[in-house]
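Now for the letters of each chain:
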Amino acid sequence: MLPYKSLTEPFEPDAYLKRWEQLERKVAAKGFTWATLYENYEDNQYMSDSLLMVPSSLAREVENASRAVHDVFQKTYEQILKDRSIVHKTGISVFLWDLLLEGGKTAFSYFTRYDFIASANGLKLIEGNTDTPVGLIESAIAQPLICEEHGSKNPSDRMTTHVKNAWNQIIRDYNIGSTDTLYFTCADWHEEDKQTVQFLMNLYPQRAKYIPLEKIVVEKDDVRTPEGERIDFLYRLYPLEYFLAEEGPTGEKIGEQLVVHIMNKKIKVINPPSALLMQSKAILALITEKKTEWFTRQEQAAIEKYFLPTYDTAHSLQSYVKKPVLGREGGGIQIVANGQVLDEDRDYYQDQPVVFQQYFPMPDQTIDTWDGPYTGKLLIGSHVINGEPSGLFFRVGERITGNLSMFVAYTTG
């Protein structure tokens, strides 16, 4: 268990809540407006004001692991392009296959987050969030403010620079001219996504406009704004596979039409479609299956060190995590240890193909909350932006890390 600093010690509920509310106002003024989340008919604390004391050696190891994992994902993408028949294993709709396998000069993903478990038994990747990763605001905005509140250094200070570098790379890769407009979109009702889009848009160096997802006009020949401006370039904080279900007011398949426009290069999207391909958890099973066939000895060593064996059946595993290949926010996950179900979610993604990943227990971690010290399970997110490790994102919650798992800042020493 990592040590942590408390702003209110000994714990006294009224004093704690007063300090926490002061901090909430500070982070909200900077754009982190979901320190509480309303769910199950009540406000839930999402931001802890504790500060984890992370050994510098662990932070460096996560950074090294992030580089190695990203390289393995890149190699995997290149291998899939060489053997395109494999795409059927990903569980992604056949309607998208040609789009996912297009290749080209763009990176498979510019904005990525890899999630790791660190324990006395090593550091292990559990999944890659390559399509629409969030947690950027927590790392770039809340993290430094909480460190400042504690009088501690912020080790996660590279994200803004790396986002700017990513946009410059995207401008070159996508051939976006100085007079072109990059439109930014997400579901307008989703506060976290909207603020994340605003953060990224503020760092974009050329012409940019926000358009709510609900306002995008998909026409027969192209995609436009309600004012009739053509959208040639679109940053989407919205899962690509979700578009397939989008319909117009009279039932027309506008999502499918948008995908056709992407295929026909009428509109270019960021992250690119390849990011969805690599988001599928079936990629982890492919890496296990093709370890000796696709990868160099150095890459095999990284897979053995950081990846958990993952299969498309339970194989011989007695302890495993069953995951829907395109599940998000912990939906549809089942955790089995020694043949006994420890936890499961049955509400979401029950109709998807699944993979079985060797179970690797998350360590316990205690943090301060409204209700006093809380001990949950620690997960480490590592942002990789334009191929560069760019900051860590710690969460503490239940065995299945859902959207109510609490964000907690960190410092190193």
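Look a little higher up for the structure.
Residues numbered from 1 in each chain as written. Predicted model: local features only at pLDDT ≥ 70, side-chain atom pairs only at ≥ 80, totals over all residues. Heavy atoms only, no water.

A. Structural context of the pattern of salt bridges. Considering all chains together, one arrives at 25 salt bridges under this definition. One salt bridge connects Glu149 with Lys26, and the closest N-O pair in it is separated by 3.1 Å. Taken together, the residues span a long stretch of sequence, with Glu149 in helix H4 (residues 136–150) and Lys26 in helix H1 (residues 13–30) at a distance of 123 residues. Overall, the relative accessible area of 23% leaves Glu149 in the partly exposed class. For Lys26, a relative accessible area of 41% gives the class partly exposed. When the shortest N-O distance is used, the salt bridge between Lys253 and Glu247 registers 3.1 Å. (Salt bridge = Lys/Arg side-chain N within 4 Å of Asp/Glu carboxyl O. Helix = DSSP H or I, 4+ residues; strand = E, 2+ residues; numbered from the N terminus. Buried < 20%, exposed > 50% of the residue type's maximum accessible area, 1.4 Å probe, protein only.)

B. H1, seen in detail. With 18 residues, H1 should reach 26 Å at 1.5 Å per residue; the first-to-last C-alpha distance of 26 Å fits that figure. Listed in full, the buried residues belonging to H1 are Tyr16, Trp20, Leu23 and Val27. Seen along its axis, H1 keeps its buried residues to an arc of 65°; they face one direction. Turned more than 90 degrees away from the buried face of H1 sit Asp14, Lys18, Arg25 and Ala29, all of them exposed. Two residues or fewer after H1 comes Gly31, characterised by a positive phi angle close to 120°. (Expected span 1.5 Å × (residues − 1). Arc of directions from axis to C-beta.)

C. Representation of the packing of H1 against H4 within the structure. Put simply, H1 and H4 touch, their axes get as near as 10 Å, and they point 140° apart. Relative to H4, H1 is oriented oblique. When you trace H1 past H4, the crossing you get is right-handed. Each of Arg19, Leu23, Lys26, Val27 and Lys30 in H1 lies in contact with H4, whose residues at this interface are Ile141, Ala142, Leu145, Ile146 and Glu149. Among the residues forming the contact of H1 with H4, the class breakdown is six nonpolar, no polar and four charged. (Axes fitted to C-alpha atoms, helices over the stretch in contact; angles between N-to-C directions. Parallel < 35°, antiparallel > 145°, perpendicular 65-115°, else oblique. Left-handed = near helix turned anticlockwise from the far one by under 90°. Contact = heavy atoms within 4.5 Å. Nonpolar A, V, L, I, M, F, W, Y, C, P; charged D, E, K, R; others polar.)

D. Inspection of the nonpolar core at higher detail. Core analysis: the largest hydrophobic core is formed by 70 residues, its most contacted members being Leu52, Phe73, Phe116, Phe307 and Phe394. Counting residues per element, this core draws most heavily on helix H2 (residues 56–82), at nine residues. In this view, Phe394 contacts Leu52, Val54, Leu378, Leu379, Ile380, Met406, Phe407, Val408 and Tyr410; residues no more than four positions away in its chain are not counted. (Core = buried A, V, L, I, M, F, W, Y, C linked by side-chain atoms within 4.5 Å.)

E. Seen up close, the sheet that holds strand S16 (residues 340–344). Read across the open sheet, the five strands follow the order S13-S17-S14-S15-S16; overall the sheet is antiparallel. Edge positions in the sheet fall to strand S13 (310–311) and S16, since each has one partner strand and no second. (Pairing = 2+ DSSP bridges.)

F. Just the pairing of strand S5 (residues 111–119), in detail. Burial analysis of S5 places eight of its nine residues in the buried class, the great majority of the element. Note that S5 and strand S19 (residues 372–385) share six bridges and pair antiparallel. Bridge pairing links Thr112 to Val384 in S19.

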